[in-house]
Amino acid sequence: MKDADDPPPHPEEFATGHATCELGETHDGDHAEFLWFTEKSFAATWLRWSDADTHTIVTLPCCTALTTTGDGCGLYADHPSDHSWAVTDPTREALRADLMAHPERFGLPPDYFNPS
Ligand SMILES: [Zn+2]
Ligand SMILES: [Zn+2]
């Protein structure tokens, strides 16, 4: 069983060093960033924070919504935003593009995403 001290399975998810909300630009309630899936049950661990800057790490059941092609929503059950496939966030997209183009800026090997 994983706990909060276990390393993340996908370190690139954390390489930016910035918590970026996955719920989009406007939504009610806390902001949230996916951390990792739990090994048992259909759930994942999330970092959540409020505009008052209080942070919590919580494990939540996954959203069960599917697209018409069967892709799952990447968020937790009862999230206050659109499903993940409908969420766009310019800040998150800019960070991701910079990470993909310049992984060395984030402490990763330069060929991290394109190993030769
Ligand atoms: Zn947010
Ligand atoms: Zn959803």
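Residues numbered from 1 in each chain as written. Chains lettered and ligands numbered in written order. Predicted model: local features only at pLDDT ≥ 70, side-chain atom pairs only at ≥ 80, totals over all residues.

Chemist: What am I meant to see in the overall build of the protein chain here?
Modeler: Of regular secondary structure, the protein chain possesses one helix and three strands. Start at the N end of the protein chain and walk to the C end: the helices and strands fall as β-β-β-α. Burial analysis of the protein chain (116 residues in total) assigns 7% to the buried set. Sequence separation of 24 or more characterises 34% of the internal contacts of the protein chain that already satisfy a separation of 6 or more. (Helix = DSSP H or I, 4+ residues; strand = E, 2+ residues; numbered from the N terminus. Buried ≥ 20, exposed ≤ 12 C-beta atoms within 10 Å, placed from the backbone. Contact = placed C-beta atoms within 7 Å.)

Chemist: Whenever I open this one, unusual backbone geometry confuses me. Can you help?
Modeler: A negative phi holds for most residues other than glycine; trans holds for most peptide bonds. Residues other than glycine seldom take positive phi values, yet Asp78 does so here, at roughly 65°. Structurally, Asp78 can be placed in the loop between β3 (55–61) and α1 (90–101).

Chemist: I keep staring at the sheet that holds β3 and nothing clicks. Help me out?
Modeler: The strands that make up a sheet are held in pairs by hydrogen bonds between backbone atoms, and each pair lies either parallel or antiparallel. With respect to topology, three strands assemble into an open sheet ordered β1-β2-β3, the strand pairing being antiparallel. One side of each edge strand has no neighbouring strand; the edge strands of this open sheet are β1 (31–37) and β3. In this sheet, neighbouring strand axes are inclined to one another by 30° on average, regardless of whether the strands run parallel or antiparallel. In the sheet, β1 pairs with strand β2 (residues 43–49) via six bridges, with the strands oriented antiparallel. Across the sheet, residue Trp36 finds its bridge partner in β2, namely Thr45. (Pairing = 2+ DSSP bridges. Axes fitted to C-alpha atoms, helices over the stretch in contact; angles between N-to-C directions.)

Chemist: How do you make sense of the environment of Cys73 when you look at a structure like this?
Modeler: As for its placement among the helices and strands, Cys73 is situated in the loop between β3 and α1. Sequence spacing of Cys73 and Ser84 is 11 residues, and the spatial spacing of their C-alpha atoms is 5.3 Å. If sequence neighbours within four positions are ignored, Cys73 has contacts with Cys63, Ala65, His83, Ser84 and Trp85.

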